[in-house]
Amino acid sequence: MNNKSLISINDYSKEEIIQLLDRAEDFEKNPSQPLLKDHVIASLFFEPSTRTRLSFESAISRLSGKIVGFTDASSSSVKKGESLKDTILTVSNYSDLIVMRHPLDGSARWASEVANVPIINAGDGANQHPTQCLLDLFSIRKTQGTLDNLDLAFVGDLKYGRTVHSLVIAMTMFNTTFHLVSPTELKLPSAVKRYIKEKNLKYYQYTDLEEVIPNVDACYMTRIQRERFADPMEFERVKNSYVLTREMVDTSKDNFKVLHPLPRVNEISEDVDSSPKAYYFQQALNGVYIREALLTTILGV
Amino acid sequence: MERKELKVSAIKNGTVIDHLPSDSVFQVIRILNLNNSENPLYSGINLESKKFGNKGIIKVENRYFKPEEVNKIALLAPKATMIEIKDFDVVRKTSLEIPDVITKVVKCINPKCITNNQNVPTKFEVMNKDKEEELKLHCHFCEKTTARENIMFK
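Residues numbered from 1 in each chain as written. Chains lettered and ligands numbered in written order. Predicted model: local features only at pLDDT ≥ 70, side-chain atom pairs only at ≥ 80, totals over all residues. Heavy atoms only, no water.

Asker: Explain the overall build of chain B to me, and be specific about the residues and the numbers.
Answerer: What chain B contains, in helices and strands, is 2 helices and 11 strands. Mapped in sequence order, the helices and strands of chain B form the string β-α-β-β-α-β-β-β-β-β-β-β-β. Its C-alpha atoms put chain B at 60 × 30 × 25 Å along the principal axes. In chain B, which comprises 154 residues, the proportion classed as buried is 42%. Nonlocal contacts in chain B, meaning residues at least 24 apart in sequence, comprise 57% of its contacts between residues at least 6 apart. Approximately 9,200 Å² of chain B is accessible, and the part contributed by carbon and sulfur atoms is 47%. The averaged location of the 21 negative side-chain charges in chain B is 3 Å from the averaged location of its 26 positive side-chain charges. (Helix = DSSP H or I, 4+ residues; strand = E, 2+ residues; numbered from the N terminus. Buried < 20%, exposed > 50% of the residue type's maximum accessible area, 1.4 Å probe, protein only. Contact = heavy atoms within 4.5 Å. Areas by Shrake-Rupley, 256 points an atom, 1.4 Å probe, with all protein chains shown as cover. Lys, Arg positive; Asp, Glu negative; His and termini not counted. Charge placed at Lys NZ, Arg CZ, Asp CG, Glu CD.)

Asker: Mind laying out a negative patch on the surface, listing which residues take part and the relevant values?
Answerer: Together, A:D208, A:E210, A:E211, A:E247, A:E270 and A:D271 line one region of the surface with negative charge. In this fold, A:E247 is placed in helix α9 (residues 246-249). (Patch = residues over 30% accessible without salt bridge, like charges linked within 9 Å, V, L, I, M, F, W, Y side chains within 5 Å. Salt bridge = Lys/Arg side-chain N within 4 Å of Asp/Glu carboxyl O.)

Asker: A description of unusual backbone geometry should follow, citing residues and the corresponding values.
Answerer: Going from A:L262 to A:P263, the amide bond is cis rather than trans, its omega being 5 degrees. Structurally, A:P263 can be placed in the loop between β9 (257-259) and α10 (280-299). Even without a glycine there, the phi angle at B:N33 is positive, about 60 degrees. Within the fold, B:N33 resides in the loop between α1 (25-31) and β2 (41-49).

Asker: An account of the sheet that holds strand β9 (residues 136-139) of chain B is requested, with residue identities and associated values reported.
Answerer: Each strand in a sheet pairs with another by means of backbone hydrogen bonds, the pair being arranged parallel or else antiparallel. Residue and element names in this part refer to chain B. Ordered in space as β6-β8-β9-β10, the 4 strands form an open sheet in which the pairing is antiparallel. The outermost strands of the open sheet, each flanked by one partner alone, are β6 (101-103) and β10 (145-147). Within this sheet the neighbouring strands show an average axis-to-axis angle of 30 degrees, counted without direction. (Pairing = 2+ DSSP bridges. Axes fitted to C-alpha atoms, helices over the stretch in contact; angles between N-to-C directions.)

Asker: Talk me through the interface of chain A and chain B; I want residue IDs and the actual numbers.
Answerer: Between chain A and chain B, the contact holds 17 residues from the first and 15 residues from the second. For the chain A face of the interface with chain B, the top three residues by lost area are A:L104, A:D105 and A:W110, together amounting to 44%. Linking chain A with chain B are 1 salt bridge, by the criterion used here. Of the charged contacts in the structure, one is a salt bridge between A:R109 and B:E143, with a shortest N-O distance of 4.0 Å. Run the count over chain A and chain B and you get 7 residue pairs in polar contact (both at pLDDT 80 or more). Every element with two or more residues in the side of chain A that touches chain B is listed here: α3 (84-92) and α4 (107-114) of chain A. Among the elements that take part in the side of chain A that touches chain B, α4(A) stands out by supplying 4 residues, more than any other. A breakdown of the residues in the side of chain A that touches chain B according to their chemical character gives 4 nonpolar, 8 polar and 5 charged. (Buried area = accessible area lost by both parts, 1.4 Å probe. Polar contact = N/O pair within 3.5 Å; in protein donor to acceptor, adjacent residues only side chain to side chain. Nonpolar A, V, L, I, M, F, W, Y, C, P; charged D, E, K, R; others polar.)

Asker: Explain the pairing of β9(B) to me, and be specific about the residues and the numbers.
Answerer: All names here are of chain B. Going residue by residue along β9, you find L137 and C139 tucked away on one face and K136 and H138 left uncovered on the opposite face. Relative to β9, strand β8 (residues 123-127) is paired through 4 bridges, and the arrangement is antiparallel. Along β9, the bridge assignment pairs M127 with K136. Pairing of β9 with β10, which is carried by 3 bridges, proceeds in the antiparallel orientation. Residue pairing for β10: H138 is matched across the bridge by T145. Counting the residues that bridge the hairpin from β9 to β10 gives 5 residues, and of these E143 lies at a positive phi of roughly 70 degrees.

Asker: Please give an account of the packing of aromatic side chains that cites residues and values.
Answerer: Throughout the structure, instances matching the rule amount to 6 aromatic pairs over all chains. Taking the centre distance of 5.2 Å and the plane angle of 65 degrees together, the rings of A:Y280 and A:F281 count as edge-to-face. Judged by relative accessible area, A:F281 falls into the partly exposed class, the value being 49%. Here the aromatic cluster, defined as three or more aromatic residues joined through ring pairs, consists of A:F154, A:F178 and A:Y220. The side chain of A:R228 reaches across the aromatic face of A:Y160, ending 4.3 Å from its centre. Positioned above the aromatic ring of B:Y64 is the side chain of B:K86, whose terminal nitrogen or guanidinium carbon lies 5.0 Å from the ring centre. (Phe/Tyr/Trp six-rings, centres within 6.5 Å; stacked < 30°, edge-to-face > 60°. Lys NZ or Arg CZ within 6 Å of the ring centre and 35° of its normal.)

Asker: Please set out the pattern of salt bridges residue by residue, giving values where relevant.
Answerer: Oppositely charged side chains can form a pair if their charged atoms are brought close together. Under the definition given, this model contains 21 salt bridges over all chains. Ionic pairing is found between A:R101 and A:E47, a salt bridge with its closest N-O pair at 3.3 Å. Here A:E47 lies in the loop between β1 (40-45) and α2 (50-62) and A:R101 lies in strand β3 (residues 97-102), a separation of 54 residues in the sequence. Using a relative accessible area of 9% as the deciding quantity, one classes A:R101 as buried. Its relative accessible area of 23% is what places A:E47 among the partly exposed residues. Members of the salt-bridge network, linked through shared partners, are A:D11, A:R109 and B:E143.

Listed below in structure tokens is the structure:
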């Protein structure tokens, strides 16, 4: 990797992604290794994100690294009006690597251009969240035994869900067939479909969830948010049509798994949780291994 | 021989930027930062043009531009030509070319982009450069694309 920062999943080649997944598998077998005992990692959360932050902190702790930082901008100099550039330049002095989450799109790329230590983007506004994408790839490979030639369903808010966009783009490297299930208001943007077309891969669009489940290897569920709808009636109409039920899961293939970036609201019925095909909580655990792999790869330890 | 009347007086040495859309002239002056320079500048708007019907023109005395400097205005004035004058003679004529990367002069369309919220210079990759109608700018920071008809200059 030339630029050591990870800002966008598009920065990594297929080979680099596979190397990271392989490394994450090693950490899965042996999660606690003191590889970062001489390192200080800054964790700058300009907006709160409990799951991502805890997963990074857990990964850093398992590697015996030290953490400095803040968990929300109201307790930092940002509140006093400091620019991102100044914050990053200052924190670069105190740490070997910066993990950052920021509400503005493009903030992480900008930070990587001013910082003299590597940046890991833990989410920049609605733009990118590459470590989520890596853990999704890890989870798919782990449950399916391969990333190649799969039939994947993406369900829910495909328009605004940035995890969906990154994962679709990443999966175009692996000859995936895409089954896109969403209300018409929340279809996958054409800018993302362009990636699928460029690789000459197939995608199918559906508004009905039930018919898709028996034909796919895994299903990536997302939350449909009320604020995406101009008309609240419209939200009420669609919100219950994209709920994955136990009955649907029972019609699926043996290798079928349910993935979800979490938090879930009601889009997966709770009775799916006890199915061996529910994978979303293990998926969150995989985030720790992939972040351990990423931190150690970037820091070269 | 019949002498052509010049609406904008000739310059002895310097640069003429011709065939500008009339409504782009003030923006071009600003983008090239000619409003802050000491060089005498003459400009014309709504002049008759055989090729375009209506055009604008800028003449700057004692000032020459590198192509990359003047290409910054190619998005505004794709048909413009840059003419270098020495001792009242044309020494070189070049058409503008839309660059691969555009920095600073254009605003990102995304209100949540870091460049619209903090003091960060904009940077765009130009996509579909060959097909004028489908030209788009891809923001280096927020990764959103701005279609040609939505391009706003700073």
